[in-house]
Amino acid sequence: ADTAIQNTSGNQSTTNGYITGGRNATTGRTNQIQKYPFATDANASDAADLTGDRAHHGTSTSSTHAYAYGGELNAPDVTNSIEKFLLASDVNATDVADLDAAGRYMAGTQSTTHGYYGGVNPGTPNYRIAKFPFASDTDGTTDVGDTAVYIYRAAGAQY
């Protein structure tokens, strides 16, 4: 029987959906990147790997790359790393930059130029909305505003 995975995050290209990371009660966290096609009803395949096991992370997608950031490595350890993988081929992710703070339970989304996330949670919920650029793999993020209420264990939307 298959083992259930929870606390994953998702990305998409124009042709495929992706499920990244997650954890299960038996084996712990996973670094798996699963891919499934939009054009046909088919099972997901194990397409590539994140640089390490991660769960409760945020995701954003540019026109060429998928990004996974923050999240838990092993509870309660959280990370500030930003990883990306190419949408055009099944290649492993690379660690390209760092958020300005480690956190988990963030809601990720994007514009055409930046990845956005809200609710970074190093220990308690917060109001933060921040962004990082797709055009350069540079450390740090820019605060851009606040949410109307505390964000905790949120989900994001992709375009």
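For the structure, check the block above.
All values derive from a computational prediction rather than experimental measurement. (Residues numbered from 1 in each chain as written. Predicted model: local features only at pLDDT ≥ 70, side-chain atom pairs only at ≥ 80, totals over all residues. Heavy atoms only, no water.)

Chemist: So what about the sheet that holds strand β7 (residues 58-61)? Which residues, and what values?
Modeler: Strands sit in the order β7-β8-β11-β12 across an open sheet of 4 strands; the sheet is antiparallel. Lying at the two open borders of the sheet, with one neighbouring strand each, are β7 and β12 (94-98). Neighbour to neighbour, the strand axes of the sheet diverge by 25° on average, direction disregarded. (Pairing = 2+ DSSP bridges. Helix = DSSP H or I, 4+ residues; strand = E, 2+ residues; numbered from the N terminus. Axes fitted to C-alpha atoms, helices over the stretch in contact; angles between N-to-C directions.)

Chemist: Quick one: what's the story with the sheet that holds strand β5 (residues 32-37), residue by residue and with numbers?
Modeler: Within the open sheet, the 4 strands sit side by side as β1-β2-β5-β6. Their pairing is antiparallel. Edge positions in the sheet fall to β1 (9-12) and β6 (45-49), since each has one partner strand and no second. Neighbour to neighbour, the strand axes of the sheet diverge by 30° on average, direction disregarded. Sheet topology places β5 next to β6; 4 bridges connect them, and they run antiparallel. Across the sheet, residue Lys 35 finds its bridge partner in β6, namely Ser 45.

Chemist: How would you explain the packing of aromatic side chains if you had to name every residue and give the values?
Modeler: Under the definition given, this model contains 7 aromatic pairs. With a centroid separation of 6.1 Å and an interplanar angle of 75°, the aromatic rings of Tyr 36 and Phe 38 are classed as edge-to-face. One aromatic cluster in this structure is built from Tyr 67, Tyr 69, Tyr 117, Phe 132 and Phe 134. (Phe/Tyr/Trp six-rings, centres within 6.5 Å; stacked < 30°, edge-to-face > 60°.)

Chemist: Any details on the pattern of salt bridges? Residues and values, ideally.
Modeler: Within the structure shown, the criterion is met by 7 salt bridges. As a salt-bridge pair, Arg 104 and Glu 72 come within 3.1 Å of each other at their nearest N and O atoms. Of this pair, Arg 104 sits in the loop between β12 and β13 (107-110) while Glu 72 sits in strand β9 (residues 72-74); the two residues are 32 residues apart in sequence, bridging distant segments of the chain. Just as Arg 104 is buried, Glu 72 falls in that class too. The residue Lys 84 makes a salt bridge to Asp 137 at a minimum N-O spacing of 3.2 Å. Separated by 53 residues along the polypeptide, Lys 84 in strand β11 (residues 81-86) and Asp 137 in the loop between β15 (126-133) and β16 (142-151) bring together distant segments of the chain. Connected via shared salt-bridge partners are Arg 29, Glu 72 and Arg 104. (Salt bridge = Lys/Arg side-chain N within 4 Å of Asp/Glu carboxyl O. Buried < 20%, exposed > 50% of the residue type's maximum accessible area, 1.4 Å probe, protein only.)

Chemist: Go over the nonpolar core with me, naming the residues and quoting the values.
Modeler: Tyr 67, Tyr 69, Ile 82, Val 96, Ala 97, Leu 99, Met 106, Tyr 117, Ala 130, Phe 132 and Phe 134 together form the largest nonpolar core, which totals 11 residues. Elements represented by at least two residues in this core include exactly β8 (65-69), β12 and β15. (Core = buried A, V, L, I, M, F, W, Y, C linked by side-chain atoms within 4.5 Å.)

Chemist: Can you tell me about the environment of Ala 66, naming the residues and giving the values?
Modeler: Following the sequence through the fold, Ala 66 ends up in strand β8. Residue Ala 66 is classed as buried on the basis of its relative accessible area, which comes to 0%. With residues near it in sequence (within four places) discarded, Ala 66 still touches Asn 11, Ser 60, Thr 61, Glu 83, Lys 84, Phe 85 and Leu 87. (Contact = heavy atoms within 4.5 Å.)

Chemist: Give a detailed account of the pairing of β13, specifying residues and quantitative values.
Modeler: Alignment of β13 against strand β14 (residues 114-118), held across 4 bridges, turns out to be antiparallel. Bridging from a neighbouring strand, Thr 109 pairs with Tyr 116 of β14. Linkage of β13 to β14, two consecutive antiparallel strands, is achieved through a turn of 3 residues.

Chemist: Any details on the environment of Ala 101? Residues and values, ideally.
Modeler: Mapped onto the elements, Ala 101 comes out in the loop between β12 and β13. Judged by relative accessible area, which is 30%, Ala 101 ranks as partly exposed. Ala 101 sits 31 residues away from Gly 70 along the chain, and the two C-alpha atoms are 8.5 Å apart.

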